[in-house]
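# Topology and contacts: notes
For reference, the chains in residue letters:
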Amino acid sequence: MLQIRVNKERGKTTLVVAGELDYSNIAQLQEEIERQEAPRVEVNLKDLQFMDSSGAGMLLHQARLLRSQNRILEITHIPANISHDLEIIGFFRVLETLQGAPQRGGE
Amino acid sequence: MSLDTGDRGRRIIHAGIQGAGCSIPADLEGGDFFAFIPRGEDGLIVAIGDVMGKGMRAAGQRKDLCTVLYSCTGKDLSLLEIVNQLAATAGKRLYRAGSFATLGLISYERQHNCITCLSAGHPSPVIFSGQNIYMPRVRGVALGFLDEYQGTGPEQFILSRGDVVVMYTDGLIEARNAGGQHYGLNRLTGIVAANAGLDAGDLQDVILRDLFTFTGCKQQRDDVTLVILKRDQ
């Protein structure tokens, strides 16, 4: 079960995600991110209990897409157990690269 | 009596190493894989990996990755060169598909009894040497995330007779019981340490039985893959 609460402020939208994010429901969060038009979108994971590799891949894919639009996807308040798994796959290294490197075009 | 894992299991004895591997998909087909790839008479490469997602799409990407892996290991390349070639070819295709794959690689040379470990986003192997448990600190970005492989260099370890190496995918330690608890790395290392005297195949059977006991054979939502290597006594 995945729940997404949307908080809109000036220039920024925060999606507070609760429950479990996996292969069966990543489309729900992906569509919610794609629906946003703010230059800055925060995905707050403080109430997330589980995320599988599909969730991690989708978030990085969305981070890349927003970056290509000169927008920012922030992923915050990651619970320790999920952060540990993300660390292993190199998730944070990729986010650093996205923030530091010029956007990639065409791929 | 051996646990019947059908066509999902494979065993090998090569270069003084016993190998036992098994991959149980959560769906009809999965993204997990493992491979034992002999290199001459005295060498062995072992790979374990996990392609994002499940089902036919993940299975297709897994097959593509394995084809490139076998092609690379047929050349006389180091583990780092292999993972760089994988990143440049299969990794690029994963990137374009919005997917990624983790990969753990081990090579063993009988001449020096030395294993070399490298990881592209995959959990570290666990080495059981006598009473000691050792986890190489190999880290790297999964294939498909970046243009090229980035991570720590390979790490080496000398295997003594009877030492055991365990490789696994996250689906194993994240397998759940009816109460929602995870199988966990502690339970895995505990059962391996208590049964490290067994042959690789028997040890794998013991672990899988313990896993099925824990989960009550409840359908898992991620593929489960386990590989055991043991240096002959």
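Look up a bit, the structure's there.
Here's what I pulled together on the structure shown here.

With that settled, the discussion passes to unusual backbone geometry. Phi at Asn70 of chain A is positive, roughly 60 degrees, even though this residue is not glycine. Residue position: Asn70 of chain A is located in the loop between helix 2 (53–68) and strand 4 (72–76). With relative accessibility at 61%, the residue Asn70 of chain A sits in the exposed group. Positive phi values are uncommon outside glycine, yet Asn113 of chain B reaches one of about 50 degrees. Turning to its location among the elements, Asn113 of chain B is positioned in the loop between strand 5 (101–109) and strand 6 (114–120).

Let us look at the sheet that holds strand 4 of chain A. Within a sheet, adjacent strands bond to each other through the backbone by hydrogen bonds, running parallel or antiparallel. Residues and elements named next belong to chain A. One open sheet accounts for 4 strands, arranged 1-2-3-4; its pairing is mixed. Both edges of this open sheet fall to strand 1 (2–9) and strand 4, since each of them pairs with a single strand only. For this sheet, the mean angle separating the axes of adjacent strands, direction not counted, is 20 degrees. Where strand 2 (residues 12–21) and strand 3 (residues 40–51) come together, 9 bridges link them in parallel fashion. Paired with Thr13 across the strands is Val41, a residue of strand 3.

Okay, the sheet that holds strand 5 of chain B next. Residue and element names in this part refer to chain B. Pairing is antiparallel across the open sheet formed by 5 strands, whose spatial order is 3-4-5-6-9. A strand with exactly one partner marks an edge of an open sheet, and here the two such strands are strand 3 (32–39) and strand 9 (155–158). Here the average twist between neighbouring strands, direction ignored, is 15 degrees. Sitting on the sheet, helix 1 (residues 55–73) touches strand 3, strand 4 (43–51) and strand 5, and the angle it makes with strand 3 is about 15 degrees. Lying over the sheet, helix 2 (residues 79–88) contacts strand 3, strand 4, strand 5 and strand 6, oriented at roughly 155 degrees with respect to strand 5.

Calculation rules
Residues numbered from 1 in each chain as written. Chains lettered and ligands numbered in written order. Predicted model: local features only at pLDDT ≥ 70, side-chain atom pairs only at ≥ 80, totals over all residues. Heavy atoms only, no water. Helix = DSSP H or I, 4+ residues; strand = E, 2+ residues; numbered from the N terminus. Buried < 20%, exposed > 50% of the residue type's maximum accessible area, 1.4 Å probe, protein only. Pairing = 2+ DSSP bridges. Axes fitted to C-alpha atoms, helices over the stretch in contact; angles between N-to-C directions. Contact = heavy atoms within 4.5 Å.

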